[in-house]
Amino acid sequence: MKTLKILTGLLLVALAIAFISGMLDSHDRENLYAPPPVPKQYPIKESTQENATPTRGYGIGDAATDFLLKNIDGDRISLKDYKDAKGFVIIFTCNHCPYSVAYEDRIIALDKKYKNLGYPVIAINPNNPKEYPTDSFEFMKVRAREKGFSFPYLLDEGQKIYPQYGATKTPHVFLLQKEGEENIVKYIGAIDDNYQDATAVKNNYLENALQSLLSGKAIHVTESVAIGCRIK
Amino acid sequence: MKKQLLLISILISFISCDQRPVSKVITIDQKGLKEVTLPLNEKIKVINFWATWCAPCVEELPYFEKIGAKYEDKLEVILISLDDAKNIKSAVQPFLKNNQIKSKVLLLDDPYAAEWIPLIDAHWDGAIPVTLIVSKNKKQFYNKALSYDELQDAVEKFL
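Residues numbered from 1 in each chain as written. Chains lettered and ligands numbered in written order. Predicted model: local features only at pLDDT ≥ 70, side-chain atom pairs only at ≥ 80, totals over all residues. Heavy atoms only, no water.

A.B. asks: What's the story with the overall build of chain A in this structure? I'm lost.
C.D. replies: What chain A contains, in helices and strands, is six helices and ten strands. For chain A, with 232 residues in total, the buried portion stands at 44%. Taking contacts inside chain A between residues at least 6 apart in sequence as the whole, the part at least 24 apart equals 74%. Counting only carbon and sulfur atoms, one obtains 56% of the accessible surface of chain A, whose full area is about 12,100 Å². (Helix = DSSP H or I, 4+ residues; strand = E, 2+ residues; numbered from the N terminus. Buried < 20%, exposed > 50% of the residue type's maximum accessible area, 1.4 Å probe, protein only. Contact = heavy atoms within 4.5 Å. Areas by Shrake-Rupley, 256 points an atom, 1.4 Å probe, with all protein chains shown as cover.)

Here it is in C-alpha cells:
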C-alpha cells in the first residue's frame, strides 16, 4: 500500500514536470510561426522598388502596353490579336487569394456578358509561384478547368507586365478602350464594393464603367480601392 | 500524498499565472476602426492590417510581437485582421493560439472596404499587409511588408 502511494506520488510529480516543462518550452519556441523569420530573398530589389523609384503605373487616360503572355492552353495571347474588340477588361488575379476566389463567378459572368459587346476579360496571374506555390502555371490550369473560365488566364512570366500597369494586388482591374492603335486606360480598381456578397453590392464600379463606355458617356467613378492580396 | 498534490497544484497555478494570455479576437466595425486610429496620449500605436491567409502578413507578425514586447510600456501594437468574421472560430482564433500571438487583435467586419480604406491613408489602394504608426503629433503609413529592422527603424522615429 505504501509502495503504491509512493509510486502514485512519483507518477504525479513526473506528470507535473512533463506538463510544466512543456509549458515553459512553448514560451521560447519562436519557430512556432509558420514561415521562418529569414530575411527577404530579394531585399535590394524590394527596397529600390519601394523607396527609390516607386512604380506608379498607369493613370486614367494613359496608353496601356500590349503583351505576349502564355495562356493556360499553351497559346500566347496578345491584345493586338483581338481585331474586333472595342476594348479589354484586364484583371490581375490569381488562385491563392480569397478575394480573387470570391470574384471568380462574377468575372465569368462579366466576361460572358461583355465579350459579345466587344470587351472581353483577360485575366493575368502576376504572382511569382515561388512566393505563392498555388499560383503556379499548373495550378492555374487546374483552377480554370474547375471553374470553367470563359476567358484567357495568362501567366505574367518574369513579372514584367504587372509593374507597368501598376497593379499592386489581386484582384486589380484595368479597363481599356481601343483608340486607334492604342489601348487607353479608362477605369482602374475594384470589380465592385462587396467581395463577400454579390447581392449586397452598393457600387458596381466595373460594370458601370463598361456601360458608360458602351453608351459613349463619361465614366463617373474612374478609380476605386478595395482590399486585395499584395502581388509578390 | 496530500502534500505532494498541494505542491503540484501550487506549482501548476504559479506557472499558469506566468503565461501571458493568447490574444482573443474582438470584432469591430467602421466606427470602431475610426477610434482605433485615434492617437493615444501616453502610447504610440502600431496598427497592422493582416489576415490569416495572407502569407506576407503572417511572415511579418512575429516582428510585431517582438517589438510590442520590447517596448511594452511605450507601444500599443494592434493587429487588425481582415479575415471573414465567419472564420473567427475556425481560422483566426486557432491561428492566434498556434502562433502564440499576444498583441491586441481586432477583426474589422465590414466588406465595404472602399468606405474605410481612405480613413487609414489616402495612398492605400487596399493591398495588405500595411502598417500605420500613430502618435499624438505624428503619423506614418507603410504600404508594404516590413522586416524587423525596418519596423524597428520606423518605431524609433516615434520614440
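Now that the structure has been shown, we can carry on.
A.B. asks: Could you clarify how one ought to interpret the sheet that holds strand S5 (residues 127-128) of chain B in this entry?
C.D. replies: The strands that make up a sheet pair up through hydrogen bonds in the backbone, lying either parallel or antiparallel. Pairing within the open sheet is mixed, and its three strands lie in the order S7(A)-S10(A)-S5(B). The open sheet has two edge strands, strand S7 (169-170) of chain A together with S5 of chain B, and neither has a second partner. Where S7 of chain A and strand S10 (residues 228-230) of chain A come together, two bridges link them in antiparallel fashion. Considered in S10 of chain A, the bridge of Lys169 of chain A is made with Arg230 of chain A. (Pairing = 2+ DSSP bridges.)

A.B. asks: What is the right way to read the nonpolar core from this model?
C.D. replies: When a protein is soluble and globular, its nonpolar side chains tend to lie buried together. Formed by 87 residues in total, the largest nonpolar core has its most connected members in Phe49, Trp116 and Trp124 of chain B. With near-sequence residues (within four places) excluded, Phe49 of chain B lies in contact with Leu33, Cys57, Ile80, Leu82, Trp116, Ile120, Trp124, Ile128, Pro129 and Val130 of chain B. Membership of the second largest hydrophobic core comes to 22 residues, among which are Phe67, Ala85, Ile122 and Val185 of chain A. (Core = buried A, V, L, I, M, F, W, Y, C linked by side-chain atoms within 4.5 Å.)

A.B. asks: Explain the sheet that holds strand S2 (residues 44-50) of chain B here, please?
C.D. replies: All names here are of chain B. Strand order in the open sheet made by the six strands is S1-S4-S3-S2-S6-S7, with mixed pairing throughout. Because the sheet does not close on itself, it has two edges, and the strands there are strand S1 (26-28) and strand S7 (139-142). Strand-to-strand twist in this sheet, taken as the mean axis angle between neighbours without regard to direction, amounts to 25°. As paired strands, S2 and strand S3 (residues 75-81) are joined by seven bridges and run parallel to one another. Within S3, the position partnered with Ile47 by the bridge is Ile78. Packing against the sheet, helix H5 (residues 113-120) makes contact with S2, strand S4 (104-108), strand S6 (130-134) and S7, and its axis sits at approximately 125° to S7. (Axes fitted to C-alpha atoms, helices over the stretch in contact; angles between N-to-C directions.)

A.B. asks: Could you clarify how one ought to interpret the pairing of S2 of chain B in this entry?
C.D. replies: Residues in a regular strand project their side chains so that they alternate between the two faces of the sheet. All names here are of chain B. Most of S2 is tucked away, with seven of its seven residues classed as buried. By the alternation rule, side chains of S2 split into Ile44, Val46, Asn48 and Trp50 and Lys45, Ile47 and Phe49, which are all buried. Sheet analysis places S2 next to S6, joined by five bridges and oriented antiparallel. The partner of Ile47 across the bridge, within S6, is Leu132.

A.B. asks: For this particular structure, what's the right way to read the packing of helix H3 (residues 98-115) of chain A against helix H6 (residues 205-214) of chain A?
C.D. replies: Two quantities define a packed helix pair, namely the angle between the axes and the distance from one axis to the other. Residue and element names in this part refer to chain A. Two numbers describe how H3 lies on H6: the axes approach to 12 Å, and their chain directions differ by 5°. Taken as axis vectors, H3 and H6 run roughly parallel relative to one another. Contacts between H3 and H6 involve Leu110, Lys113 and Tyr114 from the first element and Leu206, Glu207, Leu210, Gln211 and Leu214 from the second. Each residue belonging to the contact of H3 with H6 can be placed in one class, and the counts come to five nonpolar, one polar and two charged. (Parallel < 35°, antiparallel > 145°, perpendicular 65-115°, else oblique. Nonpolar A, V, L, I, M, F, W, Y, C, P; charged D, E, K, R; others polar.)

A.B. asks: Looking at this structure, how should I read the state of the cysteines?
C.D. replies: Cysteine pairs can be covalently joined through their sulfur atoms, and such a bond is termed a disulfide. According to the stated counting rule, one finds two disulfides over all chains in the structure shown. Across the disulfide, Cys97 of chain A is cross-linked to Cys229 of chain A (sulfur-sulfur distance 2.0 Å). Taking the sign of the S-S torsion, 75° for the link of Cys97 of chain A and Cys229 of chain A, the bridge is right-handed. Taken together, the residues Cys97 of chain A in the loop between strand S4 (87-92) and H3 and Cys229 of chain A in strand S10 connect sequence positions 132 residues apart. A single burial state applies to Cys97 of chain A and to Cys229 of chain A, both of which are buried. For Cys54 of chain B, the disulfide goes to Cys57 of chain B, at an S-S distance of 2.1 Å. Note on the Cys54 of chain B and Cys57 of chain B pair: the S-S dihedral is about 70°, so by sign convention the disulfide is right-handed. With respect to burial, Cys54 of chain B and Cys57 of chain B carry one shared label: buried. Lacking any disulfide linkage, Cys94 of chain A is separated from the closest cysteine sulfur, that of Cys97 of chain A, by 5.1 Å. Residue class for Cys94 of chain A comes out buried when judged on its relative accessible area of 2%. (Disulfide = S-S within 2.5 Å.)

A.B. asks: Hey, could you run me through the environment of Lys80 of chain A in this one?
C.D. replies: Within the secondary structure, Lys80 of chain A sits in the loop between strand S3 (76-77) and S4. Put simply, Lys80 of chain A and Leu68 of chain A are twelve residues apart on the chain and 9.4 Å apart in space, counted from C-alpha to C-alpha.

A.B. asks: What is the right way to read the side chain of Gln152 of chain B from this model?
C.D. replies: Residue and element names in this part refer to chain B. With respect to the element layout, Gln152 can be found in helix H6 (residues 148-156). By relative accessible area, Gln152 is classed as buried at 11%. When sequence neighbours within four positions are dropped, the list of residues in contact with Gln152 reads Ile67, Lys70 and Tyr71.

So, to be careful, I would describe these as geometric facts and stop short of saying anything about function.
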